[in-house]
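# Breakdown of the fold
Chain by chain, the residues:
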Amino acid sequence: MQKYRLFAPGPTPVSEAASLAMAQPIIHHRTKEFEKVLEEVRAGLKWLFQTKNEVLIFASSGTGAMEGTIINTLSKGDKALVIDGGKFGERWWKICKAYGIETEIIKVEWGKAVDPQEVEKKLKSGDFRALLVQASESSTGVYHPIEALAKIVERHPKTLLVVDAISALGAIDLPMDRWKIDVLISGSQKAMALPPGLAFAAVSEKGWGFIEKSDLPKFYFDFKKEKKALETNQSAYTPAINLIIGLQEVLKTMKAEGIPAIFERHARLARATREGMKGAGLKLFAESPSNALTAVCAPEGIDGQKVYKTLQEKYNMTIAGGQDGAKGKIFRVAHLGYFDDLDVVTSVAAVEWALADLGYKGELGRGVAAAMRELRK
Ligand SMILES: *Cc1c(COP(=O)(O)O)cnc(C)c1O
């Protein structure tokens, strides 16, 4: 017998409490009972997004909220500036392309974070309606400097700062209102520790001004329509009822832990994972690492995909490999959402075992010892 262990940067493990809440018999969404759920969830989401703005909820994967943001805030003929430092940065310009939005792309080498000065120069050089970026670029494990970018965009009243925080929200501090983020996007299957199926978007007052003028085609992802419905504790269409009931439970747990403690826990788990991997003699891939996941360089002579496959086949544990140019070169271990200190010890131990199976000549337990020491600091 072997337990299944999920250490991928999405979907992430779901707590027993959330699973049980979602297993309750379904209720209808046009009832007082569900209105009460939505009322509580709306308040909880505002708390988690650190905003007074409404947080819109869609029944889709996270990409739906990315697409929704483009078609609701931009108009025909608009130009967007995209930070592309990985698979998800790439997704931003691909969505723009699908809707005929012209883009300029700041290409960032995989594993590196964007240089805010380069963004500032670019923004001054053109007429951009939006700066599109990831907080945590999950394909490389990089954290982009959102606070610095927010300070730059604040000086451009005609430009929105749109942050894909699908793998960051609830793991990394992104105070939307305080930093003046214009659109903050997330999804249920990352740090919110729910199954996939919910996408979120919160929009600033400045952003709602753009939405008023937007002329791109939209129907399901119509932000104005959804906001109007939410304000009466309704949704425009059938919501993902049981996922929202699960979210109500997750938000309760998160509130009990508290915002500072949630981010401190993620920072501690991230530090311990990094120290553990370094202790095992491995190099980290991201120069500015995200606290949501850790991207690790496969050691000389060992294929990163084999690390991933060995963990899957021999240890019944799912991590993530590398994508595109990083395929075979890196593997990625998650620590976002429903994760605690002993989970990190487990993931480092599993990686040490898998590497030993693949012929890596490190002494077993060095990584685990380093992680354990870091967790006790
Ligand atoms: C997971 C992820 C997405 C995509 O979300 P889906 O739910 O798969 O559509 C987008 N951006 C980032 C940073 C992610 O981690």
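First, a word on what this report is: a plain description of the structure on this page.

### Quick look at the site of the ligand
Looking at the ligand, there are 14 residues lining it, with Ser-61, Thr-63, Ser-138, Asp-164 and Lys-190 nearest. Ser-138 has a polar side-chain atom sitting 2.4 Å from an oxygen atom of the ligand. Between an oxygen atom of the ligand and a side-chain N or O atom of Lys-190, the distance comes to 2.7 Å. In the complex, 89% of the free accessible area of the ligand, which totals 380 Å², lies under the protein chains. Counting residues per element, the ones that place at least two in the shell around the ligand are helix H3 (62-73) and helix H4 (87-98). Class assignment of the residues belonging to the shell around the ligand gives a composition of three nonpolar, eight polar and three charged.

### Quick look at the side chain of Thr-73
By secondary structure assignment, the location of Thr-73 is in helix H3. Separated by 2.7 Å, the side chain of Thr-73 and the backbone oxygen of Thr-69 make a polar contact. Not counting chain neighbours up to four residues away, the residues in contact with Thr-73 comprise Leu-160, Val-183, Phe-210, Ile-211 and Ser-214.

### Topic: the pattern of salt bridges
Counted by the stated rule, this structure contains 25 salt bridges. Between Glu-154 and Lys-180 there is a salt bridge; the shortest N-O distance is 3.9 Å. Taken together, the positions of Glu-154 in the loop between helix H6 (146-153) and strand E8 (160-164) and Lys-180 in the loop between helix H7 (176-179) and strand E9 (183-187) put the pair 26 residues apart, joining distant regions of the chain. On the basis of relative accessibility, which here comes to 46%, the residue Glu-154 falls in the partly exposed class. A relative accessible area of 47% places Lys-180 in the partly exposed class. Where Glu-374 meets Lys-377, a salt bridge forms, and the shortest distance between an N and an O atom there is 3.2 Å. Using a relative accessible area of 79% as the deciding quantity, one classes Lys-377 as exposed. Three or more residues are tied together by salt bridges with common partners; here these are Lys-87, Glu-90, Lys-94 and Asp-324.

### As for the packing of aromatic side chains
As enumerated under the stated definition, the model contains nine aromatic pairs in all. Ring plane angle 55° and centroid distance 5.2 Å describe the contact between Phe-58 and Phe-221, whose orientation is recorded as tilted. Linking Phe-58 in strand E2 (residues 55-58) with Phe-221 in the loop between helix H8 (205-213) and helix H9 (223-230), this pair joins segments that are 163 residues apart in sequence. Across the pair, Phe-221 and Phe-58 agree in class, each one buried. Following the ring pairs from residue to residue traces out a cluster consisting of Phe-58, Phe-219, Tyr-220, Phe-221, Phe-223 and Tyr-237. Over the aromatic face of Phe-88 sits the side chain of Lys-190, whose NZ or CZ is 5.6 Å from the ring centroid. Above the face of the Trp-208 ring, Lys-227 is positioned so that its terminal group lies 5.0 Å from the ring centre.

### Topic: unusual backbone geometry
The residue after Gly-10, namely Pro-11, is reached through a cis peptide bond having omega -5°. Among the secondary structure elements, Pro-11 is positioned in the loop between strand E1 (5-6) and helix H1 (16-22). You will see that Asp-324, though not glycine, has its phi angle at about 45°, which is positive.

### What to know about H9
Considered for burial, the residues of H9 that qualify are Phe-223, Glu-226, Ala-229 and Leu-230. Around the axis of H9, the buried residues are gathered within 130° of arc, so they sit on the same side. Of the surrounding secondary structure, the elements contacted by the buried residues of H9 are helix H2 (32-49), E2, H3, strand E10 (199-203) and H8. N-capping of H9 is provided by Asp-222, with a side-chain oxygen placed 3.1 Å from the backbone N of Lys-224.

What counts, and at which threshold
Residues numbered from 1 in each chain as written. Predicted model: local features only at pLDDT ≥ 70, side-chain atom pairs only at ≥ 80, totals over all residues. Heavy atoms only, no water. Near = heavy atom within 4 Å. Polar contact = N/O pair within 3.5 Å; in protein donor to acceptor, adjacent residues only side chain to side chain. Areas by Shrake-Rupley, 256 points an atom, 1.4 Å probe, with all protein chains shown as cover. Helix = DSSP H or I, 4+ residues; strand = E, 2+ residues; numbered from the N terminus. Nonpolar A, V, L, I, M, F, W, Y, C, P; charged D, E, K, R; others polar. Contact = heavy atoms within 4.5 Å. Salt bridge = Lys/Arg side-chain N within 4 Å of Asp/Glu carboxyl O. Buried < 20%, exposed > 50% of the residue type's maximum accessible area, 1.4 Å probe, protein only. Phe/Tyr/Trp six-rings, centres within 6.5 Å; stacked < 30°, edge-to-face > 60°. Lys NZ or Arg CZ within 6 Å of the ring centre and 35° of its normal. Arc of directions from axis to C-beta.

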